[in-house]
Amino acid sequence: MKPGTKWTNGVGVAAFCLLLSMRSAGQADHPTNLMPMPKALVFASGQLALTPQFAISVTSYDDARLDAAVLRTMERLRMKTGLELVRQVGHGIGALSIAVDGAGGAVQGVDEDESYSLDVSNSGAVLRAKTVVGAMRGLETAQQLVEPAGDHYALPFVSITDSPRFPWRGLMLDCGRHFEPIPVIKRTLDGMAAVKLNVFHWHLTEDQGFRIESKLYPKLTAMGSDGLYYTQAQAAEVVAYARALGIRVVPEFEMPGHSTAWLVAYPELASARAPKGIRREFGVSDYALDPTREETYEFVRRFLGEMTTIFPDAYVHIGGDETVSPEWKSDPRILAFMQQHRLKDPDALQAYFNQRVLKILTALHKHMVGWDEILNPALPKDVVIQSWRGEESLQKGAQQGYQGILSAGYYLDGMRSAEEHYAVDPLPADAKLTEAQRRLVLGGEICMWAEQIDERSVDSRLWPRSAVIAERFWSPANVTDVMEMNRRMRATSVELEGLGLQQMEHEDAALRELIGSRHIDALKVFASAIEPVSFGERYEQQKTSQLTVLDRFVDAVAPDPPSRYAFERLTASFLKAPNAKDAEELRSMYAELIKAAPGAQRTIASSPLLTDVLGRAKQMPALAQTAIDALSFVSAGTKAPAGWKVQQMALIAEAKKPGGIVRFTFLGPLEKLVEAVQE
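Residues numbered from 1 in each chain as written. Predicted model: local features only at pLDDT ≥ 70, side-chain atom pairs only at ≥ 80, totals over all residues. Heavy atoms only, no water.

### A short note on the overall build of the protein chain
A count of helical and extended segments in the protein chain gives 26 helices and 19 strands. Taken over the C-alpha atoms alone, the protein chain extends approximately 80 × 70 × 50 Å along its principal axes. Looking at the protein chain as a whole, 58% of its 679 residues qualify as buried. Counted over contacts in the protein chain with a minimum sequence separation of 6, partners at least 24 positions apart contribute 76%. As presented, the protein chain carries roughly 26,000 Å² of accessible surface, and 54% of it is formed by carbon and sulfur atoms. When the 73 positive and 84 negative side-chain charges of the protein chain are each reduced to one mean point, those points stand 2 Å apart. (Helix = DSSP H or I, 4+ residues; strand = E, 2+ residues; numbered from the N terminus. Buried < 20%, exposed > 50% of the residue type's maximum accessible area, 1.4 Å probe, protein only. Contact = heavy atoms within 4.5 Å. Areas by Shrake-Rupley, 256 points an atom, 1.4 Å probe, with all protein chains shown as cover. Lys, Arg positive; Asp, Glu negative; His and termini not counted. Charge placed at Lys NZ, Arg CZ, Asp CG, Glu CD.)

In structure tokens, the structure reads:
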């Protein structure tokens, strides 16, 4: 697209920024859209053309899981290329031959070998792996490599040797605060497999809902779920679906805190007080299971025993965070118990509870995982610490001999940019750990907490940023080029939508619903320069509860949209060395916002659900004009009238104030433009 090109259908900024982000990065000799990047990748000259006769054959070990992966690959290639490929598994020499040594673990473990190699040449493509899971990872890479080549599709000649940097590469989905239906879970698993994530951490219990059926304790869902829960058959279906994709399922049952839904059903388990209903508001509840009663441990023992028949993974997450029960400091019976057992404070009491639960899990042949609040010297080393409060707690745990996974820095509900997440490393080079301690860092987990999401918006909050974090978990530590990452992330997002994920289509569908019309052209341009505020800012501006209907403009717009990076990159390039090309591209983008403003304002004013962003729509044209004026002053080297900068900075300051629970994507770059103007 040439500078100054006019857009049609009023969707110019979104389309332009997508194209811009995909072309602007410094490209290699053979640009690739692979995400995550392999450990070792060498391109050669030439291509292997895909034809209707293309076939995938298994030449050594084979089983039903590998065959299913091959058939999935063939179907995706059919849809991607339009070729009339036959969906079958060959057992001779095919265009792509797969050689696998063995099945891997009967129950996939944290030490599963996921390595593979892929070689494409004139004689065909050969994928080699130690296990079926490794072959699955290689098949995902092969699918991403397929590219247009004139009038056909082809695989480039390439040699890849690949294995993950970390063995634990997870995604945590909170289904307790807002329930996510099975189709959402399955397409999330599809996306995870595509970017080589391998642990689905299923957060199943919360103050707002108990989401897994217990036949031993049926009141847990009868009274604690609003009827929104997974049957045991559905949970087993998810486990099987995940295993078919090479993904482990680690369930989380929060205890002793975040347990309102437990205690509504079984108040006799409470520490003195019991709640009268499910907690609708968010935040930290002060109800907790009673750690001083043997009945509590018998309940937990039977419940966990039942759950381990559904979830075969070797790990069970017990939560363990944010337990603030006042009874642990004031109830005479609990205080007497603490004195009897020489427990000096509530932290020691929780460590006692964790020790008891650990014994239960050990007897069930399971390992315990918990949030970093469970880290206590009294706890045996056979636990995994999930660090959410900072990288320091992960390193502290490793220094004390505990295995750990990092989630601090990977909270997607915080609405941070892909670059910010990309910069966080589970094991940074400057970590003060010995080699043995570094091996205790298993990897990390993305966290998608659900206070501010529901089944309609979850995809747009998860993707494509999860793909960026997946690369941090899989790829070598030196894969850090932000420009390349942004380019590949946008391409990967398109690939993910081909799997059935809805992160890109969500915004259009939500905007149409907000105004009750398909005519969203001007509104879409406005939306392209807007993103949600952070979790904390929204929490302050809108006191959401579980009953809040998430159908506002903030729920429609995507976090970290392409325009944010485009404005930042172009502005930085222009200010480093003012030039006509950058200036014209920026001017065109801002002009499009001005052009769309009147239509967006009319549309917003006509919808009761949009009135909270009318102020933003009114601010947009003046801000965009400020940018255009600043570009003119800097490009020409002329001075602005006296007082101009003060006036424009006041406009920007006003636009930074809370409004509509959303923010403009370009205020930072705009401020730098204005600062560069001379008076």
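Once the structure has been displayed, the description carries forward.
### Focus on the nonpolar core
Judged by nonpolar contacts, the single largest core of 138 residues is most densely connected at Trp-202, Phe-253 and Phe-311. The greatest single-element share of this core, amounting to eight residues, is contributed by helix 11 (residues 346-363). Dropping the residues within four chain positions of it, Trp-202 is found in contact with Leu-173, Cys-175, Ile-185, Tyr-230, Ala-235, Val-238, Val-249, Val-250, Pro-251, Glu-252 and Phe-311. Counting residues in each nonpolar core, the second largest holds 53 residues, with Ala-566, Ala-583, Ala-600 and Leu-673 among its members. (Core = buried A, V, L, I, M, F, W, Y, C linked by side-chain atoms within 4.5 Å.)

### Overview of the packing of helix 18 (residues 505-515) against helix 19 (residues 521-528)
At a minimum axis distance of 11 Å, the contact between helix 18 and helix 19 shows a crossing angle of 125 degrees. It follows that helix 18 is oblique to helix 19 by the angle criterion. Regarding helix 18 and helix 19, the two cross each other, and that crossing is right-handed. Residue-level contacts link Glu-507, Asp-508, Leu-511 and Ile-515 of helix 18 to Leu-523, Lys-524 and Ala-527 of helix 19. (Axes fitted to C-alpha atoms, helices over the stretch in contact; angles between N-to-C directions. Parallel < 35°, antiparallel > 145°, perpendicular 65-115°, else oblique. Left-handed = near helix turned anticlockwise from the far one by under 90°.)

### Here's the deal with the confidence of the model for the protein chain
A low pLDDT score tells you not to read the predicted coordinates there in detail. Across the protein chain, pLDDT averages 94, with 96% of residues at or above 70. Below pLDDT 50 for its whole length, residues 1-28 participates in 60 contacts with residues either more than four positions away or in separate chains. (pLDDT = per-residue confidence, 0-100.)

### Side note on the packing of helix 22 (residues 562-576) against helix 26 (residues 667-676)
As a packed pair, helix 22 and helix 26 sit with axes 9 Å apart at the nearest point and diverge in direction by 20 degrees. In terms of their interaxial angle, helix 22 and helix 26 are classed as roughly parallel. In this structure, helix 22 crosses over helix 26, and the sense of that crossing is left-handed. For the pair helix 22 and helix 26, contact is made by Phe-567, Glu-568, Thr-571, Phe-574 and Leu-575 and by Pro-669, Lys-672, Leu-673 and Ala-676, respectively.

### A few points about unusual backbone geometry
For the peptide bond that leads from Met-35 to Pro-36, omega is 5 degrees, which places it in the cis range. Examined against the element boundaries, Pro-36 turns out to sit in the loop between helix 1 (12-23) and strand 1 (40-49). The omega torsion across Met-255 and Pro-256 is 0 degrees, close enough to zero to call that bond cis. Backbone geometry places His-258, a non-glycine residue, at a positive phi of 50 degrees. Mapped onto the elements, His-258 comes out in the loop between strand 12 (248-252) and helix 7 (260-265).

### Focus on the pairing of strand 7 (residues 152-162)
As defined by bridge partners, strand 1 adjoins strand 7 across seven bridges and the pair is classed as antiparallel. Paired with Ala-40 across the bridge in strand 7 is Thr-161. In this sheet, strand 7 lies alongside strand 6 (residues 147-149) in antiparallel orientation, the contact comprising three bridges. Note on strand 7: the bridge partner recorded for Pro-148 is Tyr-153. (Pairing = 2+ DSSP bridges.)

### What to know about the environment of Ala-49
Looking at the secondary structure, you find Ala-49 in strand 1. As a C-alpha pair, Ala-49 and Leu-155 span 106 residues in sequence and 6.4 Å in three-dimensional space. Ignoring any residue separated from it by four or fewer positions in sequence, one finds Ala-49 in contact with His-152, Tyr-153 and Ala-154.

### Quick notes on the environment of Arg-564
Inspection of the secondary structure puts Arg-564 in helix 22. For the pair Arg-564 and Leu-667, spaced 103 residues apart in sequence, the C-alpha to C-alpha distance is 9.3 Å. Here Arg-564 is in contact with Ser-417, Glu-419, Glu-531 and Thr-665, once residues within four sequence places are set aside. At 2.5 Å, the side chain of Arg-564 forms a polar contact with the side chain of Glu-419. (Polar contact = N/O pair within 3.5 Å; in protein donor to acceptor, adjacent residues only side chain to side chain.)

### Observations regarding the side chain of Glu-327
The residue Glu-327 is located in helix 9 (residues 327-330) in this model. A relative accessible area of 7% places Glu-327 in the buried class. Engagement of the side chain of Glu-327 in a polar contact is seen with the side chain of Arg-273, the distance being 2.3 Å.

### Focus on the side chain of Lys-366
As for its position among the elements, Lys-366 is in the loop between helix 11 and strand 14 (367-371). Nearest to the buried, unbridged Lys-366 among oppositely charged side chains is Asp-313, at 6.7 Å. Engagement of the side chain of Lys-366 in a polar contact is seen with the backbone oxygen of Phe-311, the distance being 3.3 Å. Leaving out residues up to four positions away in the same chain, Lys-366 has contacts with Thr-308, Phe-311, Pro-312, Asp-313, Ala-314, Val-316 and Leu-361. (Salt bridge = Lys/Arg side-chain N within 4 Å of Asp/Glu carboxyl O.)

### A short note on the packing of aromatic side chains
Taken as a whole and judged by the stated rule, the model has 27 aromatic pairs. Aromatic side chains Phe-535 and Tyr-539 sit 6.2 Å apart centroid to centroid with 15 degrees between the ring planes, which places their arrangement in the stacked category. Taken together, the positions of Phe-535 and Tyr-539, both in helix 20 (residues 535-541) and four residues apart, correspond to about one turn of that helix. Classification of Tyr-539 as partly exposed rests on a relative accessible area of 28%. Ring geometry for Phe-664 versus Phe-666: centroids 5.2 Å apart, planes at 35 degrees, classification tilted. Looking at Phe-664, the relative accessible area reads 4%, which means it is buried. What makes Phe-666 buried here is its relative accessible area of 0%. An aromatic cluster is defined as three or more aromatic residues linked by ring pairs; in this entry it consists of Phe-179, Phe-200, Trp-202, Phe-210, Tyr-217, Tyr-230, Phe-253, Trp-262, Tyr-266, Phe-299, Phe-303 and Phe-311. Over the ring of Trp-474 we find Lys-196; its NZ or CZ atom is 5.8 Å from the centre of that ring. One residue, Arg-356, lies across the ring of Tyr-297, its end atom 4.1 Å from the ring centre. (Phe/Tyr/Trp six-rings, centres within 6.5 Å; stacked < 30°, edge-to-face > 60°. Lys NZ or Arg CZ within 6 Å of the ring centre and 35° of its normal.)

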